[in-house]
Amino acid sequence: MEFLRGHYQNAYVTHNLDAAMALIDKRFGKIDWIVFDPDMQLKTPDGVKESTVRAALGWQAGPQIEMIQPVRGHLDHYLPYLPADKTDPTPRFHHIAVRRDDEAAMRDEIEKLGLPLTFEGEVPGLVFIYLDARATLGHYFEYV
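Numbering of residues starts from 1 in each chain and follows the order in which that chain's sequence is written. pLDDT decides what is reported in this predicted model: residues at 70 or higher carry local features, side-chain atom pairs at 80 or more are listed and counted, and totals for whole chains, interfaces and linings draw on all residues regardless. The side-chain figures draw on all heavy atoms in the structure; neither hydrogens nor water molecules are used.

Draft legend 1. Fine view of the packing of aromatic side chains. Two rings from Phe, Tyr or Trp (for Trp, the six-membered ring) form a pair when their centres sit within 6.5 Å of each other. Planes less than 30 degrees apart are called stacked, planes more than 60 degrees apart edge-to-face, and all others tilted. Here the structure, examined in full by the defined rule, presents six aromatic pairs. Ring plane angle 85° and centroid distance 6.4 Å describe the contact between Phe 128 and Tyr 130, whose orientation is recorded as edge-to-face. Between Phe 141 and Tyr 143 the ring centres are 5.2 Å apart and the planes differ by 65°, which places this aromatic pair in the edge-to-face class. Using a relative accessible area of 0% as the deciding quantity, one classes Tyr 143 as buried. By way of ring pairs, the aromatic residues Phe 119, Phe 128 and Tyr 130 are connected into one cluster. Only when the NZ atom of a Lys or the CZ atom of an Arg is both within 6 Å of the ring centre and within 35 degrees of the ring normal do we say a charge sits over the ring. Between Arg 99 and the ring centre of Tyr 8, over which it is positioned, the NZ or CZ distance is 5.2 Å. Throughout, exposure labels follow a simple rule: accessible area from a 1.4 Å probe, protein chains only, divided by the maximum for the residue type, with under 20% read as buried, over 50% as exposed, and the rest as partly exposed.

Printed below as a string of structure tokens:
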């Protein structure tokens, strides 16, 4: 199993999405961000939980960059990565994501990998599954 096959995204969390995007743009060059505010129903090991974030997606000649600002609801998996100073917008690394085209094969691969499920959910056209890889990689691992 080549679990990093299809690596397409590095994701970060921030207290302030707009300020974090500005920091990235200023340092690394302007990115045409796609910003959205999903209200999500997350299936967790403890049942379904509501979660809302502000998120931005962008590309600049490499993997997609995702920036996430936790807003409300089930945010336990994001909060420990944020700076202690709530006025600090600096993005902090949170997870990588790999992409799969076949959901059944993806779920089979996830089962074989044996990492604990953090949550899973859907947004239009996309299924996402977060696994807890902190014990081996130091961060979360997302399949989409």
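Draft legend 2. Quick look at the pattern of salt bridges. We count a salt bridge whenever a side-chain nitrogen from Lys or Arg sits within 4 Å of a carboxyl oxygen from Asp or Glu. Per the stated rule, a full pass over the model turns up eleven salt bridges. Ionic pairing is found between Glu 103 and Arg 107, a salt bridge with its closest N-O pair at 3.0 Å. You can see Glu 103 and its partner Arg 107 sitting in helix α2 (residues 103-113), four residues apart, about one turn around the helix. The class of Arg 107 is partly exposed, set by a relative accessible area of 32%. Salt bridges linked by common partners bring Arg 5, Arg 100 and Glu 109 together as one network. Runs of H or I in DSSP of at least four residues are treated as helices and runs of E of at least two as strands, each being numbered from the N terminus.

Draft legend 3. Representation of the nonpolar core in the model. Counting 17 residues, the largest nonpolar core has Val 13, Val 53, Ile 68, Tyr 78, Phe 119, Phe 128 and Tyr 130 as the members making the most contacts within it. Elements with a minimum of two residues in this core: β1 (7-13), β3 (39-44), β4 (47-58) and β8 (126-133). One finds Ile 96, Ile 129, Ala 133 and Tyr 143 within the second-largest nonpolar core, a separate group that totals ten residues. Here, nonpolar core means buried Ala, Val, Leu, Ile, Met, Phe, Trp, Tyr and Cys residues that are tied together by side-chain atoms lying within 4.5 Å of each other.

Draft legend 4. Structural view of the environment of Ala 133. Among the secondary structure elements, Ala 133 is positioned in strand β8. Pairs of residues are marked as contacts when any of their non-hydrogen atoms sit within 4.5 Å. If we skip the residues at most four places from it in the chain, Ala 133 touches Leu 115, Gly 138, His 139, Tyr 140 and Phe 141.

Draft legend 5. A look at the pairing of β4. Here strand β2 (residues 34-36) pairs with β4 via three bridges, running antiparallel. Across the sheet, Ile 34 pairs through a bridge with Leu 57, a residue of β4. Judged from the six bridges that link them, β3 and β4 form a sheet pairing that is antiparallel. Following the sheet pairing, Met 40 is matched in β4 by Ser 51. Pairing between strands is defined by DSSP: at least two bridges between the two strands are required. Of the strand pairs in this sheet, β4 and strand β5 (residues 64-73) are connected by eight bridges, and their pairing is antiparallel.

Draft legend 6. Here's a closer look at helix α1 (residues 17-28). To estimate the expected span of a helix, subtract one from its residue number and multiply by 1.5 Å. Compared with an ideal rise of 1.5 Å per residue, which puts twelve residues at 16 Å, α1 spans 16 Å between its outermost C-alpha atoms and is within 8% of the ideal. Residues of α1 that are buried make contact with β2, β4 and β5. Identification of polar contacts relies on pairs of N or O atoms within 3.5 Å, with a donor-acceptor requirement for protein atoms, meaning one able to donate a hydrogen and the other able to accept it, and with residues adjacent in sequence counted only if both atoms are side-chain atoms. You can read the cap of α1 off the contacts: a side-chain oxygen lies 3.2 Å from the backbone nitrogen of Asp 18, and it is on Asn 16. At the exit of α1 stands Gly 29, carrying a positive phi of roughly 105°.

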